[in-house]
Amino acid sequence: MLVCCGLRIGYSLFVCSVLLAVEGSFMAVNDCLGEHEIIDILRQRLVLMPSMSVPFGDDVSAVPIGDGGDVAVLKTDMLVAKTDVPFAMSLYCAARKAIVMNVSDFASKGVQPIAVLVGLGLPKNLATKHAVVEIVDGLNFAAREYGAYIVGGDVGETGDLTISVSLYGVAKQSALMLRKGAKPGDILAVTGLFGKSAAGLQMLFDKTCVVSSENRAVLEQAVFNPCARLVEGLVLSKSGCVSASMDSSDGLAWSLYELMRMSGVGFVVETLPVAAEVVVFAEQNGLDAEQLTLYGGEEYELVLTVNPQSWAVAKAAVEAVGGNLIAIGRATIEKQLTLLITADGKQRCIEPCGYEHFKG
């Protein structure tokens, strides 16, 4: 477990302890359900819409509209200060991040967001003109950055800064890049390198970290100004080359396990997509670059699979819009996730870890 997740872990424990006290329960904190277990309960107990366009639990939801194969694509995600905002992040950057978190999920499906609703919860100390202007400017900038408009929402008083964002878009159901669909032999790929956000959080939390001014700027940028790969997602969807896709915000390892679970395949990771800055940072501070790369989270890259025959087309399409498509492995029949670590073919299992609300 990474030290850089300490802020989130501490808050998760705090939330659980408060809930247990309210309920008068003597259950241990470790007995709290995790985010994914809660989603499973929702899936089991809700009356699900028949013939859902997107399976429950994918990055977005979708509802058929009309008879032409169009679907209304919907997404909601919330940013809460204590779990999602590092202490040094400005209100402007926090508000922008709330939009980016949602857009990244649209990107993974290849959908252009059109409209945004925002539920803004403010504690009294942030109900000032200066704070509200900063938040609204961050929200507006991010929405326009990705071609959408904020069309409404709600404001209320809360105990902590909370920004709940909902996106709306329209797409052809046949063009959606779902989490399921990967086939054995497909190329496993990502749209960027990993570990910078985890290293940046570690740097912010631990003031004793050794880091050059150049590296500091890169790592801070990863934390404070993340980017959603919307342009890449749109061209990949248009190319028709992608068999499965998802956003990586819960960590690379966890994303790979989710793609495995939904597609019923395994993966061999042959090249770990670790950023050069992360390698240097890890060496200077006695950390494990592999751990930062696999389990850090808060990185909004796309993790996807491509049919080998279509690889050149997919890669060219992404590069034509200024992006990167990096092959890191392949899908296998064996339903396990392994990391190829030596030239002679030695492998070891990658653990199914990543950030999870209530668990850390």
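Residues numbered from 1 in each chain as written. Predicted model: local features only at pLDDT ≥ 70, side-chain atom pairs only at ≥ 80, totals over all residues. Heavy atoms only, no water.

**Section: the overall build of the protein**
The condition that has to hold: Think of it this way: any DSSP run of H or I at least four residues long counts as a helix, any run of E at least two long counts as a strand, and we number them from the N terminus. When accessible area is computed with a 1.4 Å probe and restricted to protein chains, residues below 20% of their type maximum are described as buried, those above 50% as exposed, and intermediate ones as partly exposed. Per-residue and other accessible areas follow the Shrake-Rupley method at a 1.4 Å probe size, with only the shown protein chains counted as cover for residues.
When its secondary structure is counted, the protein shows 12 helices and 12 strands. Out of the 360 residues belonging to the protein, those deemed buried represent 48%. Summing over all exposed atoms, the protein offers an accessible surface of approximately 16,500 Å²; the carbon and sulfur share of this is 58%.

**Some details on the layout of surface pockets**
In this approach a probe as big as a water molecule rolls over the atoms, and the regions it shows empty are the leftover space. Filter applied, for reference: Site definitions follow a grid-based scheme: protein atoms alone, a 1 Å grid, a 1.4 Å probe that fits but cannot get out for cavities, and for pockets an open set with protein on both sides within 12 Å along at least five of seven lines, plus lining residues having an atom within 4 Å of a point. Grid points are joined across faces, edges and corners, and a volume is the space filled by probe spheres set on the points. The classification used treats Ala, Val, Leu, Ile, Met, Phe, Trp, Tyr, Cys and Pro as nonpolar, Asp, Glu, Lys and Arg as charged, and all other residues, Gly among them, as polar.
In this model, the second largest pocket occupies a volume close to 370 Å³. Lining the second largest pocket are 21 residues, with Lys196, Ala222, Cys227, Arg229 and Glu301 positioned closest to its centre. Among the elements that line the lining of the second largest pocket, the one with the most residues is helix α7 (residues 213–224), at 3 residues. Of the residues in the lining of the second largest pocket, the class split is 7 nonpolar, 8 polar and 6 charged.

**A closer look at unusual backbone geometry**
A positive phi angle is found at Ser51, which is not glycine, with a value near 50 degrees. Structurally, Ser51 can be placed in the loop between α2 (35–45) and β1 (61–65). Ser51 gets classed as exposed once you look at its relative accessible area, which sits at 69%. In this structure, Glu298 is a non-glycine residue whose phi angle is positive, near 60 degrees. Within the secondary structure layout, Glu298 lies in the loop between α11 (289–295) and β9 (302–306).

**So, α7**
Just so we agree on the cut-off: Residue count minus one, scaled by 1.5 Å, sets the expected span of a helix. Contact between two residues is taken to exist if any of their heavy atoms lie within 4.5 Å; hydrogens are not considered.
With 12 residues, α7 should reach 16 Å at 1.5 Å per residue; the first-to-last C-alpha distance of 16 Å fits that figure. What α7 keeps buried is the set Asn215, Leu219, Ala222, Val223 and Phe224. As for α7, its buried residues are in contact with α4 (91–109), α6 (196–205) and α10 (276–285).

**Things to note about the packing of aromatic side chains**
Inclusion rule: Any Phe, Tyr or Trp ring, taking Trp's six-membered ring, that has another such ring centre within 6.5 Å forms a pair; planes under 30 degrees apart are called stacked, those over 60 apart edge-to-face, and the others tilted. As a reminder, the over-ring test applies to NZ of lysine and CZ of arginine, requiring each to be within 6 Å of the ring centre and within 35 degrees of the ring normal.
Tallying each qualifying case throughout the model produces 2 aromatic pairs. For the pair Phe87 and Phe205, a centre-to-centre distance of 6.2 Å together with 45 degrees between the ring planes defines the contact as tilted. A residue pair is termed long-range when its members are at least 10 positions apart, and Phe87 in the loop between α3 (81–84) and α4 and Phe205 in helix α6 qualify at 118 residues. Since its relative accessible area comes to 53%, Phe87 is described here as exposed. When the centroid spacing of 6.3 Å and the interplanar angle of 45 degrees are considered together, the rings of Tyr92 and Phe141 count as tilted. In this pair, Tyr92 is assigned in helix α4 and Phe141 in helix α5 (residues 129–145), connecting sequence segments 49 residues apart. Given the relative accessible area of 27%, Tyr92 is considered partly exposed. We note Arg144 situated over the ring of Tyr149; from NZ or CZ to the ring centre the distance is 3.9 Å.

**Here's the deal with the pattern of salt bridges**
The criterion, for reference: When a carboxyl oxygen of Asp or Glu lies within 4 Å of a side-chain nitrogen of Lys or Arg, that pair is called a salt bridge.
Inspection of the entire model under this criterion finds 16 salt bridges. The partner of Glu270 in a salt bridge is Arg330, with the nearest N and O atoms 2.8 Å apart. Pair noted here: Glu270 is in the loop between β8 (266–269) and α10 and Arg330 is in strand β10 (residues 326–332), with a separation of 60 residues, a long-range link. On the basis of relative accessibility, which here comes to 36%, the residue Glu270 falls in the partly exposed class. Given a relative accessible area of 36%, Arg330 falls into the partly exposed group. If you follow the salt bridges from partner to partner, you end up with Asp58, Asp59, Lys109, Arg179, Glu258 and Arg261 in one network.

**Section: the sheet that holds strand β11 (residues 337–340)**
What counts, and what does not: Strand pairing is assigned whenever DSSP identifies at least 2 bridges connecting the two strands. Lines fitted to C-alpha atoms define the axes here, with helix axes fitted over just the stretch in contact, and angles between the N-to-C directions of these axes take values from 0 to 180 degrees.
Spatial strand order, β7-β9-β6-β10-β8-β11-β12: 7 strands in an open sheet with mixed pairing. Each having just a single partner strand, β7 (242–247) and β12 (347–349) make up the two edges of the open sheet. Averaged over all neighbouring strand pairs, the angle between strand axes comes to 25 degrees, with direction disregarded. Pairing of β7 with β9 involves 5 bridges; the strand directions are antiparallel.

**A word on the sheet that holds β1**
With respect to topology, 5 strands assemble into an open sheet ordered β1-β2-β5-β3-β4, the strand pairing being mixed. Looking at which strands have only one partner, the edges of the open sheet turn out to be β1 and β4 (149–157). Sheet twist, expressed as the average angle between the axes of neighbouring strands with direction ignored, equals 20 degrees. With 11 bridges connecting them, strand β2 (residues 70–80) and strand β5 (residues 162–172) associate as antiparallel partners. Its bridge partner lying in β5, Thr76 is registered against Ser166. Relative to the sheet, α4 contacts β2, β3 (113–122) and β5, its axis offset from that of β2 by approximately 145 degrees.

**Brief notes about the side chain of Glu301**
Going by this rule: Polar contact criterion, stated in full: a pair of N or O atoms within 3.5 Å, where within protein one must be able to donate a hydrogen and the other to accept it, and residues adjacent in sequence count only if both atoms are side-chain atoms.
By the secondary structure assignment, Glu301 is in the loop between α11 and β9. Here Glu301 falls in the buried class, since its relative accessible area comes to 8%. A distance of 2.7 Å separates a polar atom in the side chain of Glu301 from a polar atom in the side chain of Thr191. A polar contact is formed between the side chain of Glu301 and the side chain of Arg229, at a distance of 2.9 Å. Those residues in contact with Glu301 that lie beyond four places of it in its chain are Thr191, Gly192, Leu193, Phe194, Arg229, Met246, Asp247 and Ser248.

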